[in-house]
Amino acid sequence: MLDLGCGPGLYLQALAARGYECRGIDFSPASVAYAWAQAGEAGLAIDYVEADLQAAEFGPDGSFDAVMQIFGELNVFEPSAARSIVGKAFTALKPGGRLLVEVAVEEAVRRMGAEPPVWWSAREGLFGDRPHLVLTESFWDEARKAATMRYYCVDAVTAEVTRWANSQQAYSEAEYRALLEGCGFADVRVFPALASDEPGDYCAIVARKP
């Protein structure tokens, strides 16, 4: 099993405990370090790699029975990068292997781009280890079918402002099918979300390498 964007390894640890050979790739140093530590404590031989999926080597060609990428990870990449990642997943799979992707539905991404400006304060969190204020604004680009969310974090002690942003690419169901089939996949099937707090915002897609 190969998990693309494995985060702290929650899914791979559960799979490895059931006897599956697992490899996870993630961009976050903290997530990968945590995943390694948890695997070590559990005595599980999981191979974790810290790397950008756009540049990472997924593994020897034809070496995996299954590849997964969940919780909308594919939507953070622009279309050309998404095609490259799906294409590398196809190459990494054995014939008959399965790809599982959980992706955002088009309307959910549109709503992200239409969110009104909001702010909140926190003692600590994703944007800092000290008290801070976060201001957000969202944009929708109809031509690109992409939503962008910007975050301005104000440090409560120094008043220093740091800026962050993320984008989400929207696809229709037909466009998801075209993306996977264009990379060689067959038997593309769409299901409800796996286990999201907002199940209507995501769907799961399973496809087979012929």
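Scroll up to find the structure.
Residues numbered from 1 in each chain as written. Predicted model: local features only at pLDDT ≥ 70, side-chain atom pairs only at ≥ 80, totals over all residues. Heavy atoms only, no water.

Caption draft 1: Layout of the sheet that holds strand β3 (residues 47–50). A sheet is described by the order of its strands in space; here 7 strands give the open sequence β3-β2-β1-β4-β5-β11-β10, paired in mixed fashion. Two strands close off the open sheet at either side, each with one partner strand: β3 and β10 (186–192). Strand-to-strand twist across the sheet, computed as the mean angle between neighbouring axes with direction ignored, equals 15 degrees. Here strand β1 (residues 2–4) runs beside strand β2 (residues 23–26); their pairing, made up of 3 bridges, is parallel. Bridge assignment links Leu4 to a residue of β2, and that residue is Ile25. Contacts from helix α2 (residues 29–42) reach β2 and β3 within the one sheet, and its direction differs from that of β3 by about 165 degrees. The sheet contacts of helix α5 (residues 173–182) involve β5 (93–104), β10 and β11 (202–208), and relative to β10 the element is tilted by about 145 degrees. (Pairing = 2+ DSSP bridges. Helix = DSSP H or I, 4+ residues; strand = E, 2+ residues; numbered from the N terminus. Axes fitted to C-alpha atoms, helices over the stretch in contact; angles between N-to-C directions. Contact = heavy atoms within 4.5 Å.)

Caption draft 2: Examining the sheet that holds strand β9 (residues 161–169) more closely. The 4 strands are arranged β6-β7-β8-β9 in an open sheet whose pairing can be described as antiparallel. Every other strand in the sheet has two partners, leaving β6 (118–122) and β9 as the edge strands with one partner each. This sheet shows a mean twist of 20 degrees between the axes of neighbouring strands, independent of strand direction. Two strands pair when backbone bridges link them, and strand β7 (residues 132–141) and strand β8 (residues 146–155) are joined in this way by 10 bridges, in the antiparallel orientation. Its bridge partner being in β8, Val134 is matched across the sheet by Cys153. In the packing of helix α4 (residues 106–113) onto the sheet, contacts are made with β7, β8 and β9, and the angle to β7 comes to roughly 125 degrees.

Caption draft 3: Up close: unusual backbone geometry. Residue Phe71 is not a glycine yet carries a positive backbone phi of 55 degrees. Within the secondary structure, Phe71 is located in the loop between β4 (64–69) and α3 (79–92). Positive phi outside glycine occurs at Ala159, with the angle close to 65 degrees. Relative to the assigned elements, Ala159 resides in the loop between β8 and β9.

Caption draft 4: Spatial organisation of α5. Buried within α5 are the following residues: Tyr176, Leu179 and Leu180. End-on, the buried residues of α5 take up no more than an arc of 90 degrees, which puts them together on one face. Looking at α5, the residues exposed on the side facing more than 90 degrees away from the buried face are Ala174 and Gly182. Those residues of α5 that are buried are in contact with α3, β5, β10 and β11. (Buried < 20%, exposed > 50% of the residue type's maximum accessible area, 1.4 Å probe, protein only. Arc of directions from axis to C-beta.)

Caption draft 5: Representation of the state of the cysteines within the structure. Applying the stated criterion across every chain, the model contains 0 disulfides. Cysteine Cys22 is unpaired, with the sulfur of Cys6 as its nearest cysteine sulfur at 10 Å. The thiol of Cys203 is unpaired, and the distance to the nearest cysteine sulfur, on Cys183, comes to 17 Å. On the basis of relative accessibility, which here comes to 11%, the residue Cys203 falls in the buried class. (Disulfide = S-S within 2.5 Å.)

Caption draft 6: Looking closely at the pairing of β4. Counting buried positions along β4 gives 5 out of 6 residues, so the element sits mostly inside the fold. Here β4 runs beside β5; their pairing, made up of 5 bridges, is parallel. Residue pairing across strands places Val67 opposite Leu99, the latter belonging to β5. Remark: the β4/α3/β5 crossover connection has right-handed handedness. (Right-handed = clockwise from strand over helix to strand, strands pointing away.)

Caption draft 7: View of the pattern of salt bridges. For the structure shown, the criterion picks out 12 salt bridges. A salt bridge links Arg23 to Asp47; its shortest N-O distance comes to 2.8 Å. Residue Arg23 is located in strand β2, and its partner Asp47 is located in strand β3; the two are separated by 24 residues in the primary sequence. Judged by relative accessible area, Arg23 falls into the buried class, the value being 18%. Look at Asp47 and you get partly exposed, because its relative accessible area is 33%. Close ionic contact of Lys94 with Asp65 constitutes a salt bridge, the shortest N to O distance being 3.5 Å. (Salt bridge = Lys/Arg side-chain N within 4 Å of Asp/Glu carboxyl O.)

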